[in-house]
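Here are the chains, one letter per residue:
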2 protein chains.
Amino acid sequence: MTGNLRVVLKRQPEGVPVPEDFALEVAEAGDQGVLCRTRCISLDPYIRGRLSGRHLTGVISPGEAMSSELILEVAESAHGFTAGAVVRAHGPWQHHVRLDAQSLQPVPNDIAPASLFLGVLGMPGLTAYAGIKTILRPKSDETLVVSAAAGPVGATVAQLGRIAGSRVVGIAGSVDKCRWLVDVAELDEVINYRRENVREALDRTCPKGIDMYFDNVGGDVLAAVMERLAHGARVALCGLMSQYNSDSPLSGPNPGLIIRARACVQGLVVYDHEALRNEMQTALVEEIQAGRLAFREDVSRGLESAPDAFCRLMRGENFGKALVDLES
Amino acid sequence: MTGNLRVVLKRQPEGVPVPEDFALEVAEAGDQGVLCRTRCISLDPYIRGRLSGRHLTGVISPGEAMSSELILEVAESAHGFTAGAVVRAHGPWQHHVRLDAQSLQPVPNDIAPASLFLGVLGMPGLTAYAGIKTILRPKSDETLVVSAAAGPVGATVAQLGRIAGSRVVGIAGSVDKCRWLVDVAELDEVINYRRENVREALDRTCPKGIDMYFDNVGGDVLAAVMERLAHGARVALCGLMSQYNSDSPLSGPNPGLIIRARACVQGLVVYDHEALRNEMQTALVEEIQAGRLAFREDVSRGLESAPDAFCRLMRGENFGKALVDLES
């Protein structure tokens, strides 16, 4: 198939999505708005919730285009945008598309690559920054635990905690991820939840209890952490990777654990924190340029690879921010 | 049996305690400290946790005296206390006892009855006040839901919410309690959880969602409330009445509910808030004297009645602050 293609949802996935849940079809760019060429697609776990109608950003139904955050290049000057300008917007997984000018966010062109504005300098970075600033507020000599620690949100949270002087324990699901977390992201401890008993590993790495937890997964890892909270702990609930592929919502930890620790458990949704975006970009660019904040991208090539890459993400097999590059 | 008697735990209760779990026996007042005569015993749900070794204030083992907060009268002048002085202290359920002078808290003698310092002006009042001040921070036009609303903590929370201008919905377990909550405590709505479907009743009474929840019970009522949290909700987790009689800790609500509402869920333990006690007493005495804060006591007579009264409390059959009066 050639021409202007897009990825559509063919059927609602059952459990972990498979590539056959998606299809490629010829698309129209549309009549209204600024004609853009898609350069990069962001793949994110929350998208799975939309396929089941369980995400606050709305549902994607069978027959509809898959959509997420994109990096695009303006193809024709219009509505104040110059051809060649690089922008970020929510839009369909499609080569060429016209988008409402008001939905286009210019991307600073002095920081390369632009794909960072989908990752460490984009929604995942803002999520991490908001969690650190508004919920966890790390102090030195405190212990921070982060799940899905090699992902773009988790890795940023973990390193911001380290920069603030906290001891940081990352939980991830492969030997490679754990090695990267120690060698590159410079975490104090890592736990490979596929190889170790998480409760025993938390007891070993957090002998004084857990002062802060940034949760990307829910489920049993959340329960294990909650059993070990220190007095006055702060918990940011951000993701539910353990149940995105499930249709029946699970129960959570016993509330007695929150009482015992006098913990403060808060829900974190990045859309509430747009006001922090500029501050986040300035702060994280500075950390990146100083060599204190590492990031990783997991890039697939070509629109056709998007369904498979999304399925890999939902199996936890990505290593770094999952992106689809449409330019190479 | 006559003389100086005390109540001891005879055996660890299974499930809901029964009077046969306790025994009366002759006691010694002891050799050290200030000789006191017990006037009033506080019965509180947290005591049940101590009988199973599951409360942070420690365990009461079979053969040991039952203990809790007491109002006592100093029987012999000693260590700076004058005979006849009225004090509050933690101590055994026993007629006469010597207690360490440092553990005795003088009770203001210009506010009668002294039993209020076990209830609305004591630990339950401080619990309620701390929850309102440090976690819920009620605003007018917000909706506050309180479980076990006719108990001394719940009734105080509910009325402080009403005084702050919030709409208040109380959940209680009898027609009499619900009537008192409307007629005397002047709540906006009540739900009788034994007669109504709690989810339907919450939908009816909280059409805009629940901005604040003060939880004394855990279990399914907590789950039902969490499903209905408004954006930015605050939840104070304080009690677990639904599981005090159970030996297996239960699971809690799905963490996705906390994320969706961006809620802040905090554990509340009264022992952390001693610094608020004087402020609480001043504030609540003022509300009581102004006729804005109602309270109720559920008084049993005589030390012998304590086991039965405690068992009634743990069956949820008390109506007001459960006390044992040793003077009448």
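Preceding this paragraph is the structure being described.
A brief structural summary. These numbers come from a predicted model, not from an experiment.

Procedures and definitions
- Residues numbered from 1 in each chain as written.
- Chains lettered and ligands numbered in written order.
- Predicted model: local features only at pLDDT ≥ 70, side-chain atom pairs only at ≥ 80, totals over all residues.
- Heavy atoms only, no water.
- Helix = DSSP H or I, 4+ residues; strand = E, 2+ residues; numbered from the N terminus.
- Buried < 20%, exposed > 50% of the residue type's maximum accessible area, 1.4 Å probe, protein only.
- Contact = heavy atoms within 4.5 Å.
- Expected span 1.5 Å × (residues − 1).
- Least-squares fit on C-alpha atoms with pLDDT ≥ 70 in both.
- 1 Å grid on protein atoms, 1.4 Å probe; cavity = no way out; pocket = protein on both sides within 12 Å on 5 of 7 lines; lining within 4 Å.
- Points joined across faces, edges and corners; volume = space filled by probe spheres on them.
- Nonpolar A, V, L, I, M, F, W, Y, C, P; charged D, E, K, R; others polar.
- Pairing = 2+ DSSP bridges.
- Right-handed = clockwise from strand over helix to strand, strands pointing away.
- Disulfide = S-S within 2.5 Å.

Thoughts on the overall build of chain A
Here's step 1: A tally of helices and strands in chain A yields ten helices and 15 strands.
Here's step 2: Projecting the C-alpha coordinates of chain A onto the three principal axes gives extents of approximately 60 × 45 × 30 Å.
Here's step 3: The buried share among the 328 residues of chain A stands at 59%.
Here's step 4: In chain A, once contacts between residues fewer than 6 apart in sequence are set aside, the share between residues at least 24 apart is 66%.

Describing helix H2 (residues 123-136) of chain A
Residue and element names in this part refer to chain A.
Here's step 1: In a regular helix each residue adds 1.5 Å, so 14 residues correspond to 20 Å; H2 covers 18 Å between its end C-alpha atoms and thus fits that length.
Here's step 2: The element H2 is largely enclosed, with a buried count of twelve among its 14 residues.
Here's step 3: The complete set of buried residues in H2 reads Met123, Pro124, Gly125, Leu126, Thr127, Ala128, Tyr129, Ala130, Gly131, Ile132, Ile135 and Leu136.
Here's step 4: In the stretch just after H2, Arg137 is the one whose phi turns positive, near 40°.

Overview of the relation of the copies chain B and chain A
Here's step 1: After a rotation of 180° and a shift along the axis of 0.0 Å, chain B superposes on chain A with an RMSD of 0.0 Å. Such values leave the two copies arranged in the relation of a two-fold axis.
Here's step 2: When you check the interface residues of chain B against chain A, 100% turn up at the interface there too, and the contact is symmetric in its surfaces.

A look at unusual backbone geometry
Here's step 1: Phi is positive for Arg262(A), which is not a glycine, with a value near 50°.
Here's step 2: For Arg262(A), the position within the fold is in the loop between helix H8 (255-261) and strand S13 (264-267).
Here's step 3: According to the relative accessible area criterion, Arg262(A) is buried, its value standing at 15%.
Here's step 4: Of note, His79(B) is a non-glycine position whose phi angle comes to about 50°, a positive value.
Here's step 5: Tracing the backbone shows His79(B) in the loop between strand S4 (67-74) and strand S5 (86-92).

A short note on empty space enclosed by the protein
Here's step 1: With the rule as written, the count across this model stands at three cavities of 30 Å³ or more.
Here's step 2: The calculated volume of the largest cavity comes to roughly 130 Å³.
Here's step 3: Every residue lining the largest cavity is counted, 14 residues in all, and those nearest its centre are Met226(A), Pro253(A), Ile258(A), Pro253(B) and Ile258(B).
Here's step 4: Where the lining of the largest cavity is concerned, the elements lending two or more residues are helix H6 (219-226) and H8 of chain A together with helix H6 (219-226) and helix H8 (255-261) of chain B.
Here's step 5: Of the residues contributing to the lining of the largest cavity, the split by class is 14 nonpolar, no polar and no charged.

Looking at the pairing of strand S9 (residues 167-172) of chain A
All names here are of chain A.
Here's step 1: Counted residue by residue, S9 has five buried out of six residues, so it is predominantly covered.
Here's step 2: In the sheet, strand S8 (residues 143-146) pairs with S9 via four bridges, with the strands oriented parallel. Bridged to Thr143 within S9 is Arg167.
Here's step 3: Note that S9 and strand S10 (residues 189-192) share four bridges and pair parallel. Its bridge partner being in S10, Ala172 is matched across the sheet by Asn192.
Here's step 4: Between S9 and its parallel partner S10, the chain crosses via helix H4 (residues 175-183), and the hand of that crossover is right-handed.

What about the environment of Met66(B)?
Here's step 1: Take Met66(B): it is sitting in the loop between helix H1 (46-51) and S4.
Here's step 2: The contacts of Met66(B), once residues within four sequence positions are left out, are Val7(B), Val8(B), Leu9(B), Phe22(B), Ile47(B), Leu51(B), Ile60(B), Gly91(B), Pro92(B) and Trp93(B).

Some points on the state of the cysteines
Here's step 1: The final tally for this structure, using the stated rule, is zero disulfides over all chains.
Here's step 2: The thiol sulfur of Cys40(B) is not disulfide-bonded, and the nearest other cysteine sulfur, from Cys36(B), lies at 14 Å.
Here's step 3: Of all cysteine sulfurs in the structure, the one in Cys264(A) sits closest to Cys264(B), which takes part in no disulfide; the separation is 3.2 Å.
Here's step 4: Using a relative accessible area of 13% as the deciding quantity, one classes Cys264(B) as buried.

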